[in-house]
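# Structure at a glance
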Amino acid sequence: MQKMLTIISNVLRGSASRNGTRVVVSARTYADFTPQATFDIKKCDLHRLEEGPPQQAVLTREEGLQYYRTMQTMRRMELKADQLYKQKIIRGFCHLYDGQEACAVGIEAGINLTDHLITAYRAHGYTLTRGGTVREILAELTGRRGGIAKGKGGSMHMYTKNFYGGNGIVGAQGQIFETYNMASLWKLPCIFICENNKYGMGTSVERAAASTDYYKRGDFIPGLRVDGMDVLCVREATKFAAEHCRSGKGPILMELQTYRYHGHSMSDPGISYRTREEIQEVRSKSDPISMLKDRMLNNNMASVEELKEIDVEVRKEIEDAAQFATTDPEPPLDDLCNHLFYNDPPIEVRGTNPWTKLKSVS
């Protein structure tokens with residue numbers, strides 16, 4: 001049985017009149033929508049590669065709705081984190097991901113959950129795509145027991161299965177050039193990804209680097225420069241890179257050209273080194289969610305009402321998660337040193353002075 005989508009609107013045309021108001025009831029089945037469509041995507045710049053990813057991508061209706069929901073969830077979650085931070089409910093470092101959603105969603109769509117993913121800070125989006133929930137992420141940001149790291153990690157230290165998220169220092173995932181060298185020598189199946197959001201903290205890439213061709217920085221490692229604002233472009237490039245690695249050709253480097261709407265962190269207003277007009281131009285011309293939405297609507301893969309319904313559901317999920325994140329208790333002091341090691345017998349850990357002992361349980 002096909003599920004029906006019912007739309008009710010008050011207009012001056014249609015069926016029976018009731019109390020002087022005409023009501024139109026229209027029904028569309030999912031069979032009315034285009035099940036899949038093919039889209040042209042931007043060509044990737046190549047380094048040490050004869051061929052790159054395809055310049056067309058096939059999107060099914062189900063995939064489009066899934067990508068839309070996930071990116072909207074990321075966007076709303078980060079805006080809620082911004083609000084909680086300004087209310088001083090979230091404290092400390094907090095790096096938001098809004099604007100870069102197509103990177104995390106596109107990467108996840110091009111690999112498997114069994115693959116291992118390592119990232120630096122700005123990790124909230126990846127925590128979601130790797131299987132974390134909004135409740136766990138927001139509760140971690142507020143330092144609560146129900147957080148994904150039990151309330152002890154915060155913004156920069158979130159983990160799920162096969163996801164080693166959050167290093168507080170850029171490059172802490174590995175001394176990058178030595179890592180490139182070893183990965184190439186041993187032909188390791190590694191995809192190195194630079195999410196180039198145009199600014200390193202408050203410094204533009206043009207002011208910081210003599211060469212901004214980051215996809216060539218691997219030198220002897222093949223590289224791709226990808227439109228990181230297009231979820232389909234990121235997905236196809238990631239599939240290409242994953243196949244390169246799985247076929248035994250060694251590592252590959254991807255530069256995703258993207259943009260962050262917030263400042264570097266919540267302590268950075270983000271407008272002292274760039275203009276509001278620059279941010280607004282990116283929002284109006286290249287926003288990853290708007291781009292996907294327009295594609296789906298223009299090709300009859302979804303209705304405006306259906307996407308609005310997803311928006312409502314996402315907002316409710318975020319509000320429920322925020323309620324949990326502000327009422328769940330903080331972890332007790334006895335839990336402070338737990339989980340230092342995996343599957344080890346309990347050990348004693350020095351406290352704030354040599355005479356204070358705490359216990360660590362795996």
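Being a predicted model, the structure only gives us computed values, none of them experimental.

## Quick look at the packing of aromatic side chains
As enumerated under the stated definition, the model contains five aromatic pairs in all. Between Tyr199 and Tyr273, the aromatic rings sit 5.2 Å apart at their centres with planes inclined by 50°, giving tilted as the arrangement. Here Tyr199, found in strand β11 (residues 199-200), pairs with Tyr273, found in the loop between β14 (252-257) and α8 (276-286); they are 74 residues apart in sequence, far enough to count as distant. A centroid spacing of 6.4 Å and a plane angle of 55° characterise the contact between Tyr259 and Tyr261, whose relative ring orientation is tilted. Like Tyr261, Tyr259 is buried. Taken together, Phe177, Tyr180 and Phe192 form an aromatic cluster joined through their ring pairs. A cation over a ring is seen here: Arg135 above Phe324, with NZ or CZ 3.8 Å from the ring centre. For the cation-ring pair, Arg295 lies above Phe39, with the distance from its terminal atom to the ring centre recorded as 5.4 Å.

## Focus: the sheet that holds strand β9 (residues 163-164)
The mixed open sheet is built from three strands, whose spatial order is β7-β9-β8. Both edges of this open sheet fall to β7 (117-118) and β8 (159-160), since each of them pairs with a single strand only.

## A few points about the side chain of Asp328
With respect to the element layout, Asp328 can be found in the loop between α10 (304-327) and β15 (347-350). Within the buried set, Asp328 has no salt-bridge partner at all; the shortest N-O distance to an opposite charge, 5.2 Å, is to Arg145. Not counting residues up to four positions away in its chain, the partners in contact with Asp328 are Arg144, Arg145 and Gly146.

## Topic: the packing of helix α1 (residues 61-86) against α10
How two helices pack is summed up by the angle between their axes together with the distance between the axes. Where α1 contacts α10, the axes come no closer than 9 Å and their chain directions differ by 40°. When the axes of α1 and α10 are compared, the pair comes out oblique. Read as a crossing pair, α1 and α10 show a hand that is right-handed. Side by side, α1 and α10 meet where Arg61, Leu65, Tyr68, Arg69, Gln72, Thr73, Arg76, Met77, Lys80 and Leu84 of the first sit next to Glu306, Leu307, Ile310, Asp311, Glu313, Val314, Arg315, Glu317, Ile318, Glu319, Ala322 and Thr326 of the second. Its residues placed into classes, the contact of α1 with α10 shows nine nonpolar, three polar and ten charged.

## Topic: the nonpolar core
Ranked by size, the top nonpolar core spans 63 residues in total, and within it Tyr126, Leu138, Leu224, Val226, Val231, Leu232 and Leu292 carry the most contacts. Counting residues in each nonpolar core, the second largest holds six residues, with Tyr199, Met229, Tyr259 and Ile279 among its members.

## Quick look at the state of the cysteines
Enumeration according to the criterion identifies zero disulfides in this entry. Cys194 supplies the cysteine sulfur nearest to Cys103, a cysteine that is in no disulfide, at a spacing of 9.8 Å. Classification of Cys103 as buried rests on a relative accessible area of 0%.

## Here we look at the packing of α1 against helix α7 (residues 231-246)
Running from amino to carboxyl end, α1 crosses α7 at an angle of 110°, the nearest separation of the two axes being 12 Å. Compared by their axis directions, α1 and α7 come out roughly perpendicular. Between α1 and α7, the residues in contact are Glu63, Tyr67 and Met71 and Val231, Leu232 and Arg235, respectively. Within the contact of α1 with α7, the residues separate by chemical class into four nonpolar, no polar and two charged.

## Let's talk about α10
Compared with the 34 Å implied by 1.5 Å per residue over 24 residues, the 35 Å span of α10 between its first and last C-alpha is a close match. Considered for burial, the residues of α10 that qualify are Glu306, Leu307, Ile310, Asp311, Val314, Ile318, Ala321, Ala322, Phe324 and Ala325.

## Some words on the pattern of salt bridges
Counting across every chain of the model gives 17 salt bridges. With a shortest N-O distance of 2.6 Å, Arg75 and Glu101 are connected by a salt bridge. Taken together, the residues Arg75 in helix α1 and Glu101 in helix α2 (residues 101-110) connect sequence positions 26 residues apart. Each of the two residues, Arg75 as well as Glu101, counts as buried. In the salt-bridge network here, residues are joined through shared partners; they are Asp45, Asp213, Lys216 and Arg225.

## Side note on the side chain of Arg235
You can see Arg235 is positioned in helix α7. The buried category is assigned to Arg235, whose relative accessible area is 2%.

Conventions and cut-offs
- Residues numbered from 1 in each chain as written.
- Predicted model: local features only at pLDDT ≥ 70, side-chain atom pairs only at ≥ 80, totals over all residues.
- Heavy atoms only, no water.
- Phe/Tyr/Trp six-rings, centres within 6.5 Å; stacked < 30°, edge-to-face > 60°.
- Helix = DSSP H or I, 4+ residues; strand = E, 2+ residues; numbered from the N terminus.
- Buried < 20%, exposed > 50% of the residue type's maximum accessible area, 1.4 Å probe, protein only.
- Lys NZ or Arg CZ within 6 Å of the ring centre and 35° of its normal.
- Pairing = 2+ DSSP bridges.
- Lys, Arg positive; Asp, Glu negative; His and termini not counted.
- Salt bridge = Lys/Arg side-chain N within 4 Å of Asp/Glu carboxyl O.
- Contact = heavy atoms within 4.5 Å.
- Axes fitted to C-alpha atoms, helices over the stretch in contact; angles between N-to-C directions.
- Parallel < 35°, antiparallel > 145°, perpendicular 65-115°, else oblique.
- Left-handed = near helix turned anticlockwise from the far one by under 90°.
- Nonpolar A, V, L, I, M, F, W, Y, C, P; charged D, E, K, R; others polar.
- Core = buried A, V, L, I, M, F, W, Y, C linked by side-chain atoms within 4.5 Å.
- Disulfide = S-S within 2.5 Å.
- Expected span 1.5 Å × (residues − 1).

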